[in-house]
Amino acid sequence: MSSPNDEAAPVDLDALRAEIDRLDREMHERLMQRSAIIERLIAVKKTSQSGSAFRPGREAAMMKALAERHSGLLPLDTVESIWRVIIGTFTYVQAPYTVHADISAGDGPMRDSARFHFGFTVPYQPHPDARAVIAAVAGGRGDLGIFRLDQGASAGDWWNGLIGPDRPKVIARLPFIERDDHPAGTPIFVISKPLADAAMRDVVLYAARFERWRSEAAGAIAGAGGEIVCTTGVAGQLSMLFSVPGDLDIQALTDLLTQAGAAPAEIAEIGSHAARYRSDRG
Ligand SMILES: C=C(O[C@@H]1C=C(C(=O)O)C=C[C@H]1O)C(=O)O
């Protein structure tokens, strides 16, 4: 239907709107076709045994491909959020899950991140601190937990709850497409129960304690391509969460730190994720 303002070119406008209606029907049809594949995916991935359908490496690769092929007027923010909702929701349809969020540094950014990356169909459950989130994920079947990386020393060494073979582990770092001015750009870690064969190991995360720290050790981590994520003092020791590339094994890492004058008193892997990806095309 035409409105009074449209009268300059009614025929063209009707034709354009007909084209938009056709594209909308087609997009909806394609989404329904996409959902029809889910039952076969559940069977192939044996999702009902593991209780979890997440394939974080596949998701990272899909989001990178999306950013690389995107062009035109539609903002990357918009396509990224649409695909995050599609992927998060399709994963939910394969095996329902809740996103548990640590809101100790505020609910707003966590809720924005959860909604941007997982959509509104997936339930969002706020918790007062990291310990409660880790307990909820450990006690659930295929649930996820989210924490912000920039928590500051006052949050304590919350990552200790991830140490141990059966404890939840970091499976992703979000956003997958990093850029300045990202609309939900708070850097977050996603945890789940260990994903036996589905974990991505481009970047591996370690929790370590040091009786003595040296700036040379920070240089050694950076020199190896790693990153110190959070540090806090605990009982006279320095407790640290840091990442290094996955091809550096724990022995080589320990040797590297020891040579730099900071032999770890304890060191344990607490998860891993896909290589970070930055796009400046936002
Ligand atoms: C569909 C899959 O499962 C999940 C959902 C995806 C999607 O909807 O595209 C992608 C990765 C998985 O986290 C899959 O494994 O391919």
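Labelled according to an unreviewed UniProt entry, the protein appears under the name chorismate mutase, originating from Saliniramus fredricksonii.

Caption draft 1: Layout of the nonpolar core. Counting 29 residues, the largest nonpolar core has Y97, V99, F118, L144, I146, I171 and V190 as its most contacted members. Per-element tally for this core: the top contributor is helix α4 (residues 56-69), with four residues. Every residue in contact with V190, bar those within four places of it in the chain, is listed here: F118, L144, G145, I146, K169, V170, I171, A172 and L174.

Caption draft 2: Region of interest: the domain arrangement of the protein. As far as domains go, the protein holds domain 1 (13-44), domain 2 (47-200) and domain 3 (204-272). The C-alpha-based centres of domain 1 and domain 2 are spaced at 26 Å. Contacts between the two partners involve six residues from domain 1 and, on the opposite side, seven residues from domain 2. Taken together, both faces of the contact between domain 1 and domain 2 bury some 640 Å²; the carbon and sulfur share is 69%. For domain 1, the biggest contributors to the area lost against domain 2 are R34, I38 and I42; these three give 76% of the whole. Along the contact surface separating domain 1 from domain 2 lie zero salt bridges.

Caption draft 3: Broad picture of unusual backbone geometry. Backbone torsion omega between L174 and P175 reads -5°, so that peptide bond is classified as cis. Note on placement: P175 falls in the loop between β4 (169-174) and β5 (177-178). Located in the positive-phi region is D181, a residue other than glycine, with phi close to 65°. Tracing the backbone shows D181 in the loop between β5 and β6 (188-192). Classification of D181 by relative accessible area gives exposed; the value is 74%. Positive phi, normally seen in glycine, also occurs at A235, with a value near 50°.

Caption draft 4: Examining the site of the ligand more closely. Neighbouring residues of the ligand: 13 residues in total, closest R34, K45, E59, M62 and Q94. A distance of 3.4 Å separates an oxygen atom of the ligand from a polar side-chain atom of R58. Protein contact buries 92% of the 360 Å² of open area that the ligand shows by itself. Of all the secondary-structure elements, those providing two or more residues to the shell around the ligand are α2 (38-45), α4 and α5 (76-94). The leading source of residues in the shell around the ligand is α5, at four residues. Within the shell around the ligand, the residues separate by chemical class into six nonpolar, two polar and five charged.

Caption draft 5: Representation of the packing of aromatic side chains in the model. Following the criterion strictly, the structure yields seven aromatic pairs and no others. An aromatic cluster of three or more residues is present, and its members are F54, Y92, Y97 and F118. The lysine or arginine in question, R34, covers the ring of F90, its NZ or CZ lying 4.4 Å from the ring centre.

Caption draft 6: Main features of the packing of α2 against α5. Across the interface, α2 lies against α5 with an axial gap of 10 Å and an inter-helix angle of 65°. Here α2 runs over α5; the crossing is right-handed. Counting all contacts with α2, which are made through I38, L41, I42 and K45, the residues of α5 involved are F90, V93 and Q94. For the contact of α2 with α5, the per-class residue count stands at five nonpolar, one polar and one charged.

Caption draft 7: Spotlight on the environment of P175. Overall, the relative accessible area of 5% leaves P175 in the buried class. For the pair formed by P175 and R22, sequence separation is 153 residues and the distance between their alpha carbons is 32 Å. When near neighbours in sequence (up to four residues on either side) are disregarded, P175 contacts E80, H117, H182, A184, G185, T186 and P187.

Caption draft 8: Seen up close, the environment of A260. Within the secondary structure, A260 is located in the loop between α9 (250-259) and β10 (264-273). Once the C-alpha coordinates of A260 and M32 are considered, the two residues, 228 residues apart in sequence, prove to be 56 Å apart. Excluding residues within four positions of it along the chain, A260 makes contact with R214, E216, A217 and A220.

Caption draft 9: α4, seen in detail. Under the 1.5 Å per step criterion, the end-to-end length of α4 is 20 Å for 14 residues, consistent within 8% with the ideal 20 Å. Looking only at α4, the buried set comprises P56, G57, E59, A60, M63, L66 and A67. The inward-facing, buried residues of α4 abut α5, β4, β5 and β11 (277-278).

Caption draft 10: Molecular detail of the pairing of strand β7 (residues 203-210). Most of β7 is tucked away, with eight of its eight residues classed as buried. Across the two faces of β7 the burial is the same, with V203, L205, A207 and R209 and V204, Y206, A208 and F210 all buried. Sheet topology places β7 next to strand β9 (residues 237-245); eight bridges connect them, and they run antiparallel. What sits directly across from A208, in β9, is M240. In terms of strand pairing, β7 meets β10 through eight bridges, oriented antiparallel. What sits directly across from R209, in β10, is E266.

Rules of the game
Residues numbered from 1 in each chain as written. Predicted model: local features only at pLDDT ≥ 70, side-chain atom pairs only at ≥ 80, totals over all residues. Heavy atoms only, no water. Core = buried A, V, L, I, M, F, W, Y, C linked by side-chain atoms within 4.5 Å. Buried < 20%, exposed > 50% of the residue type's maximum accessible area, 1.4 Å probe, protein only. Helix = DSSP H or I, 4+ residues; strand = E, 2+ residues; numbered from the N terminus. Contact = heavy atoms within 4.5 Å. Domains from an automatic or database assignment. Buried area = accessible area lost by both parts, 1.4 Å probe. Salt bridge = Lys/Arg side-chain N within 4 Å of Asp/Glu carboxyl O. Near = heavy atom within 4 Å. Polar contact = N/O pair within 3.5 Å; in protein donor to acceptor, adjacent residues only side chain to side chain. Areas by Shrake-Rupley, 256 points an atom, 1.4 Å probe, with all protein chains shown as cover. Nonpolar A, V, L, I, M, F, W, Y, C, P; charged D, E, K, R; others polar. Phe/Tyr/Trp six-rings, centres within 6.5 Å; stacked < 30°, edge-to-face > 60°. Lys NZ or Arg CZ within 6 Å of the ring centre and 35° of its normal. Axes fitted to C-alpha atoms, helices over the stretch in contact; angles between N-to-C directions. Left-handed = near helix turned anticlockwise from the far one by under 90°. Expected span 1.5 Å × (residues − 1). Pairing = 2+ DSSP bridges.

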